[in-house]
Amino acid sequence: MASAAEDPVLERYFKGHKAAITSVDFSPKGKQLATASWDTFLMLWNFKPHARAFRFVGHKDVVTSVQFSPVGNLLASASRDRTVRLWIPDKKGKSSEFKAHTAPVRSVDFSADGQFLVTASEDKSIKVWNMYRQRFLYSLYRHTHWVRCAKFSPDGRLIVSCSEDKTVKIWDTTNKQCINNFSDSVGFANFVDFNPNGTCIASAGSDHTVKIWDIRVNKLLQHYQVHSGGVNSLSYHPSGNYLITASSDGTLKILDLLEGRLIYTLQGHTGPVFSVSFSKGGDLFASGGSDEQVLLWRTNFDELNYKDLIKRNLKRLHFDSPPHLLDIYPRTPHPQDGKLETIEINPKLEVIDLQTSNPPVVDVLSFDSTTVHILTLSAHPNSDIICPDEYSVQANKKYIDNRNHSWNATRQE
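These numbers come from a predicted model, not from an experiment.

1. Some thoughts on the overall build of the protein chain
Phase 1: For the protein chain, the helix and strand inventory stands at one helix and 31 strands.
Phase 2: Here the protein chain holds 413 residues, and 59% of them are scored as buried.
Phase 3: Across the protein chain, contacts joining residues at least 24 apart in sequence account for 53% of those joining residues at least 6 apart.

Given below as structure tokens:
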């Protein structure tokens, strides 16, 4: 079926990684895309025609997560080599290394103001860092298995984390305590994030489910069973009205959260999809997976009022009646079985004019990087030992001061 104007469309794809893509993130202005891979590299893709791509070399093992800082002057990456790196996203390749955890690091996330970074690790801990002074602040310990992901709330007052101990935990960043706990008896969450206004969290489940919780009343609001494989990643549209998910079943799914329904199934990858992310403006989204390709999609559907979209879709498919608004908070799963309530888009079946997919790649070697060692010490829970020779990563300066120094930081039990 040919896509209508309001449907998502595959606009471009990028080739350059030599192994599976693990993470994708847009720059704040939406002109670049950063990706991480099993090939141990980060790549920075520019959307301008004929622009070069940059491959950042420095990690010694799989890169599991990448994220731009809110102003776009830094890239943070996590790796199975147990380190976190901060990069200047340009051709010079300056970076700073944090030897932060005692096991592989699974995720990195900046606070909305760029002042803090939270990291999650298979050492069962979550660590929070001050970015301006580039120092360790505190650890959070309550998970009993590998921590897969940790994210700040939009206002920075909370952190949500998920673990293979089958729990999702909410943490207060002021008193550094776990204030809420959501448990699952079946699977664990691979990924978790806040909605744009910070009132809800969504989890991507290994048990093929997507769950949305209201953290104000601690209730499960929506529970979707639309994938046939584990859900690896998800991303909220900036409006908060849509959620996109990536799964090992090889598809992306787009959910309309106001109607509580699946509206699009997107194909295009030839294997499991490990990461997906909307751009900051919501007009684009990108996905990456085991096929070593990064797909760039144009959203389109967010430009229409949803009722108009439903009317247009009714002319193309015989839908069942959309759910009543009372079903916006269902307590039962949305299996979507036997219902043509979704439009399936497979770009391989259409004639599309894709831009150059394999731009020239420039290797950027990390050099003179400062290594920040974190030693785990027994100390008073509220104490911090500040580096006597601190240096700053200034938000408005395009450099990292590469003075060698080492310092100790404390662990909060």
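2. Considerations on the nonpolar core
Phase 1: Val-168, Ile-201, Ile-212, Leu-243 and Leu-255 are the most contacted members of the largest nonpolar core, which has 30 residues in total.
Phase 2: Counting only elements with at least two residues in this core, the list comes to strand E15 (158-163), strand E16 (167-172), strand E18 (189-194), strand E19 (200-205), strand E20 (210-214), strand E21 (219-224) and strand E22 (231-236).
Phase 3: Discounting residues that sit within four places of it in the chain, Val-168 has contacts with Val-160, Ser-161, Cys-162, Asn-180, Asn-181, Phe-182, Ala-189, Val-192 and Ile-201.
Phase 4: Membership of the second largest hydrophobic core comes to 18 residues, among which are Leu-10, Ile-244, Val-273 and Trp-297.

3. Re the sheet that holds strand E11 (residues 116-121)
Phase 1: The antiparallel open sheet is built from four strands, whose spatial order is E10-E11-E12-E13. Two strands in the sheet have a free side with no partner beyond their single neighbour: strand E10 (105-110) and strand E13 (135-140). The average undirected angle you get between the axes of adjacent strands in this sheet is 20 degrees.
Phase 2: Pairing between E10 and E11: five bridges, direction antiparallel. Looking across to E11, one finds that Val-105 is bridged to Ser-121.

4. With respect to unusual backbone geometry
Phase 1: Phi at His-50 is positive, roughly 65 degrees, even though this residue is not glycine.
Phase 2: Checked against the element boundaries, His-50 lands in the loop between strand E4 (42-46) and strand E5 (53-57).
Phase 3: The phi dihedral of Arg-82 falls on the positive side, at around 75 degrees, and the residue is not glycine.
Phase 4: Turning to its location among the elements, Arg-82 is positioned in the loop between strand E7 (75-79) and strand E8 (83-87).

5. Examining the packing of aromatic side chains
Phase 1: As enumerated under the stated definition, the model contains eleven aromatic pairs in all.
Phase 2: With 5.5 Å between their ring centres and 65 degrees between their planes, Phe-56 and Trp-87 make a pair best called edge-to-face. Taken together, the residues Phe-56 in strand E5 and Trp-87 in strand E8 connect sequence positions 31 residues apart. Exposure class is identical for Phe-56 and Trp-87. Each is buried.
Phase 3: Between Phe-182 and Trp-213 the ring centres are 4.5 Å apart and the planes differ by 35 degrees, which places this aromatic pair in the tilted class. Of the two residues, Phe-182 is situated in strand E17 (residues 177-183) and Trp-213 in strand E20; the sequence distance between them amounts to 31 residues.

Conventions adopted
- Residues numbered from 1 in each chain as written.
- Predicted model: local features only at pLDDT ≥ 70, side-chain atom pairs only at ≥ 80, totals over all residues.
- Heavy atoms only, no water.
- Helix = DSSP H or I, 4+ residues; strand = E, 2+ residues; numbered from the N terminus.
- Buried < 20%, exposed > 50% of the residue type's maximum accessible area, 1.4 Å probe, protein only.
- Contact = heavy atoms within 4.5 Å.
- Core = buried A, V, L, I, M, F, W, Y, C linked by side-chain atoms within 4.5 Å.
- Pairing = 2+ DSSP bridges.
- Axes fitted to C-alpha atoms, helices over the stretch in contact; angles between N-to-C directions.
- Phe/Tyr/Trp six-rings, centres within 6.5 Å; stacked < 30°, edge-to-face > 60°.

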